[in-house]
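Topology and contacts: notes
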Amino acid sequence: MPLTSALRIRPALLAAGSAALLAVTAAVPSAAAPAKAPGAAPGVVLEWYDTTARTVAATAAPTQITNSRTWAISWIAAARATREAPAGPGRAGFQDAAVASAVHDVLVALAPARRAELDAALAATLGRVPDGAAQDQGVAAGARQAGAVLASRAGDGLDPASVNAPFAVPPAAPGVWQPTPDGYAPAVQYGNRLARPFLLERADQFRLGPPPALDSRRYRTDLAEVRAYGAADSAVRTPRQTETAKFWFGSSLTLYTEPLRVAVARSHRSTADQAALLALFHAAEVDTQIATSDSKYTYLRWRPVTAIRTGSLGTDPAWTPLHQTPAHPDYPSGHATYAGAAQAVLDALAGPVTAPFGFTSDTAPGVRRTYTSWRQLTQDNVDARVFSGIHSRTADEAGVELGGAVGRYALRNADRLFGEL
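Nothing here was measured: the structure is a model prediction, and the numbers come from that model.

Further remarks concern the packing of helix 4 (residues 44-58) against helix 5 (residues 64-82). For the pair helix 4 and helix 5, the least separation of the axes is 11 Å and the interaxial angle reads 150°. Comparing their axes, helix 5 and helix 4 come out roughly antiparallel. The hand of the helix 4/helix 5 crossing is right-handed. Residues Val 45, Trp 48, Tyr 49, Thr 52, Ala 53 and Val 56 of helix 4 lie in contact with helix 5, whose contacting residues are Asn 67, Thr 70, Trp 71 and Trp 75. Of the residues in the contact of helix 4 with helix 5, the class split is seven nonpolar, three polar and no charged.

Quick look at the structure:
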């Protein structure tokens, strides 16, 4: 059953959670094994997945959500173009041409400096598609959808200048976010909450409840944990925990590029459904980052380094976290919201368990981590931000909750993504 059809007929299951959807294994196969034999050439979706990854890496914007937008627009256009394929013997060629054309045209528009490489990639793909009407119509469909999606997202507020719109820091007070050492940089990502989502109705649609009160047991527990385990000179953090912190310190978009590729590579789905999975994943992640900024800048919870250095609970002006604190509020953790949304989408569309896969991280050279479920990635994200000394566990767990809510909403509303935006 096609991905989009499965989502249409199972809104109740999705509302109950992605695990229920996965019970219907005939409709949603598990990513238990590679779809192709080792050494086989990648299909068109993986080929253009890799092209997208290389393009984004080479021309990366300074704001993660802007790069997520590039992925989302590229693959929404591809998914919509594949849906135009007519039945018959030319369908596969049409879809291959449509994916290549759509992603090519979006990336050329958003990363024009890579035009030569993208033109060469398009020529290589089309060189394997039989000449004729199917190829011509697929190229035309891809170009048409690329233009339409790009036009629909113009002025959406996800450019770097809009994302980092100025934010007036409130006066210092207990619990209130202030710029953090080292550098005391101005707040970033405030403008995310002002941007236009792909599927959410509004940025505050899944706004979290407030963080724990400063006189609560949960707050004291959180602060004690991050003070002990997140300190640069921690005496209790194990080498494995330090490795976890370093491994997951980098960009969530970069860290999830390989796991998402694994999910696609092991999928037995059609070209159209693989493109739809990628489109839905990245659109959900853009919306998650918008929702994260809304909660962060609603509650303005101070970071652990500020709480420990200036707060009333065991004040230690010399305390230093393992990693430098990012310049935005604690609650919720953006890494955790990204992980929560990723898990929701991948659990539902790739299956919650997969054969072991490993990948590396730019922030932990020489380390390779192996996983067998998307939930394990989420849990490592939660732990890592505490071990880095930059988030409370409550901020991490609330982030997973928020990301999961956005991801499940995206799954329930997938059809809207592939029609008019």
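Once the structure has been displayed, the description carries forward.
Here we take up the pattern of salt bridges. Going through the model one piece at a time under the given rule, you end up with 19 salt bridges. Note that Glu 201 and Arg 416 form a salt bridge whose closest N and O atoms lie 3.8 Å from each other. Linking Glu 201 in the loop between helix 9 (160-163) and helix 10 (217-229) with Arg 416 in helix 19 (residues 414-417), this pair joins segments that are 215 residues apart in sequence. With a relative accessible area of 55%, Glu 201 lands in the exposed category. Note on Arg 416: relative accessible area 33%, which makes it partly exposed. As a salt-bridge pair, Arg 369 and Glu 243 come within 2.8 Å of each other at their nearest N and O atoms. On the criterion of sequence distance, the pair formed by Arg 369 in strand 2 (residues 368-373) and Glu 243 in helix 11 (residues 239-247) is long-range, its members being 126 residues apart. In the salt-bridge network here, residues are joined through shared partners; they are Arg 240, Glu 243, Arg 369 and Asp 380.

The rules behind these values
Residues numbered from 1 in each chain as written. Predicted model: local features only at pLDDT ≥ 70, side-chain atom pairs only at ≥ 80, totals over all residues. Heavy atoms only, no water. Axes fitted to C-alpha atoms, helices over the stretch in contact; angles between N-to-C directions. Helix = DSSP H or I, 4+ residues; strand = E, 2+ residues; numbered from the N terminus. Parallel < 35°, antiparallel > 145°, perpendicular 65-115°, else oblique. Left-handed = near helix turned anticlockwise from the far one by under 90°. Contact = heavy atoms within 4.5 Å. Nonpolar A, V, L, I, M, F, W, Y, C, P; charged D, E, K, R; others polar. Salt bridge = Lys/Arg side-chain N within 4 Å of Asp/Glu carboxyl O. Buried < 20%, exposed > 50% of the residue type's maximum accessible area, 1.4 Å probe, protein only.

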